[in-house]
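The primary structure of each chain is shown beneath.
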Amino acid sequence: MLRLHYHPFAQYCQKVLIALYEHDLSFERRRVNLGEPDQRAALAAIWPFARFPVLESDVGVLGESGVIIEYLDTLAPTRAPLVPSERMAALEPRMLERVIDGYIADPLARMVGAHFTGFAVDNAKELNTIATAYDFLEAQLDGRAWLADEFGLADCTAGPALFYANLKQSIGDRPRLAGYFERLRARPSFARVIDEARPYRKHTPFDWPADY
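For every chain, the first residue of its written sequence is number 1, and the numbers climb from 1 along that sequence. Where local features are concerned, this predicted model is filtered to residues with pLDDT of at least 70; where side-chain atom pairs are given and counted, the filter is 80 or more; whole-chain, interface and lining totals use all residues. Derived side-chain values reflect all non-hydrogen atoms in the structure, with water molecules and hydrogen atoms excluded from consideration.

Enquirer: Explanation requested: helix α8 (residues 188–197) in the structure shown.
Expert: Note: α-helices contain 3.6 residues per turn, so residues at a spacing of three or four share the same orientation. Every buried residue of α8 is accounted for by Ser189, Phe190, Val193, Ile194 and Ala197. In a view along the axis of α8, the buried residues occupy a sector of 135 degrees, so they form one face of it. Note on definitions: a residue-residue contact is assigned when non-hydrogen atoms from the two residues lie within 4.5 Å. Every helix listed is a DSSP run of H or I at least four residues long, and every strand listed is a run of E at least two residues long, numbered separately from the N terminus. The inward-facing, buried residues of α8 abut α1 (11–22), α6 (153–165) and α7 (175–186). In this scheme, a residue with accessible area under 20% of its type's maximum is buried, one over 50% is exposed, and one in between is partly exposed, where area comes from a 1.4 Å probe on protein chains only. What the arc describes is the spread of directions from the helix axis to the C-beta atoms.

The following block contains the structure:
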């Protein structure tokens, strides 16, 4: 039994959705609107931090997207793991996940949150952080199709983060990162996630290009 508490537009939830689709796992969907007090309370009843994604499974309740993805690997033993089973080999994708979350996804989330709450955010600082992360990934992609050789945790993380961040801080003239971004967009699991999120675009502060 897998039950995912999520929202289809949230980038950390999208990380987990990509992994679920990569492994072709069946699961029950519980869409959560954190702006609705009853739905927030229901989520907090099983995960006291009231943040998604949250996965209910046979091993209990799991929070945090990276942990959930590592667990999903155990449910698809015939498929290529998204996190290498060998400890040293797993260090690089785990590091990349933290870099992308901390220096692309989180700065973007703070800027978007400020749009809705009115809280002050130093947009120039946040955008510079994202640009620095882009440069880091540009170097990481030298000679690689995916961030850690094979498609995995880092790429599940990068897809949603780059998709949204590129609307605020363009990937620009970073040829490796731009090519990588197009490969991500062509990946069936990621394309499915983006299509499922389209109905929620009208509720965001982004300007959506016609080819996005």
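So that's the structure; there's more coming.
Enquirer: Quick question: what am I supposed to make of the packing of helix α5 (residues 123–140) against α7 here?
Expert: Working note: a packed helix pair is described by the angle between its axes plus the distance between those axes. Between N-to-C directions, angles cover 0 to 180 degrees, with each direction set by a line fitted to C-alpha atoms, over the stretch in contact for helices. Relative to each other, α5 and α7 sit at 85 degrees, their axes nearing to 8 Å. What the angle tells us is that α5 and α7 run roughly perpendicular. Mapping the contact onto sequence places Tyr134, Leu137, Glu138 and Ala139 in α5 and Pro175, Arg176 and Leu177 in α7. Three classes are used: nonpolar for Ala, Val, Leu, Ile, Met, Phe, Trp, Tyr, Cys and Pro, charged for Asp, Glu, Lys and Arg, and polar for all others, with Gly counted as polar. Looking at the contact of α5 with α7 residue by residue, the classes come out as five nonpolar, no polar and two charged. For classification purposes, angles smaller than 35 degrees are called roughly parallel, those larger than 145 roughly antiparallel, those between 65 and 115 roughly perpendicular, and all remaining angles oblique.

Enquirer: Even after reading the chapter, I still don't get the nonpolar core, so can you show me in this structure?
Expert: Nonpolar side chains tend toward joint burial in soluble globular proteins. By size, the foremost hydrophobic cluster in this structure holds 66 residues, and its most contacted members are Leu20, Leu72, Ile104, Leu147, Leu162 and Tyr180. No other element matches α6, which puts nine residues into this core. In this view, Ile104 contacts Val99, Ile130, Ala133, Tyr134, Leu137, Ala161, Leu162 and Ala165; residues no more than four positions away in its chain are not counted. Here the nonpolar core consists of buried residues drawn from Ala, Val, Leu, Ile, Met, Phe, Trp, Tyr and Cys, with membership extended through side-chain atoms lying within 4.5 Å.

Enquirer: Even after reading the chapter, I still don't get the layout of surface pockets, so can you show me in this structure?
Expert: Using a probe with the size of a water molecule, rolled over the atoms, empty space left in the structure can be pinpointed. Roughly 1,400 Å³ of volume is contained in the largest pocket. Residues are called lining when one of their atoms sits within 4 Å of a cavity or pocket point, these points coming from a 1 Å grid over the protein atoms alone, where a cavity is a set in which a 1.4 Å probe fits but cannot get out and a pocket is an open set with protein on both sides within 12 Å along at least five of seven lines. Every residue lining the largest pocket is counted, 39 residues in all, and those nearest its centre are Ala10, Gln11, Leu34, Phe52 and Ala109. Within the residue set of the lining of the largest pocket, elements represented by two or more residues are α1, α3 (65–74) and α4 (87–117). Ranked by residues supplied to the lining of the largest pocket, first place goes to α4 with 11 residues. Grid points are joined across faces, edges and corners, and a volume is the space filled by probe spheres set on the points. Computed from the structure, the second largest pocket encloses a volume of approximately 170 Å³. Every residue lining the second largest pocket is counted, 13 residues in all, and those nearest its centre are Pro81, Pro84, Ala148, Glu150 and Phe151. Classifying every residue of the lining of the second largest pocket by side-chain character gives 10 nonpolar, one polar and two charged.

Enquirer: Is there a simple way to explain α6 in this structure?
Expert: For α6, which comprises 13 residues, the first-to-last C-alpha distance of 18 Å matches the rise-based estimate of 18 Å (1.5 Å per residue) to within 8%. Most of α6 is tucked away: 13 of the 13 residues are buried. Expected span of a helix, by definition, is 1.5 Å for each gap between consecutive residues, and there is one gap fewer than residues.

Enquirer: Can you walk me through unusual backbone geometry in this structure?
Expert: Glycine aside, residues mostly have negative phi angles, and peptide bonds mostly take the trans form. Here the amide bond leading from Phe52 into Pro53 is cis, since omega sits at 5 degrees, within 30 degrees of zero. The topology assignment puts Pro53 in the loop between α2 (37–46) and β3 (54–57). One non-glycine residue, Asp24, lies in the positive phi region at around 55 degrees. By the element assignment, Asp24 lies in the loop between α1 and β2 (28–31). Of note in this structure, Ala50 is not a glycine but carries a positive phi near 50 degrees.

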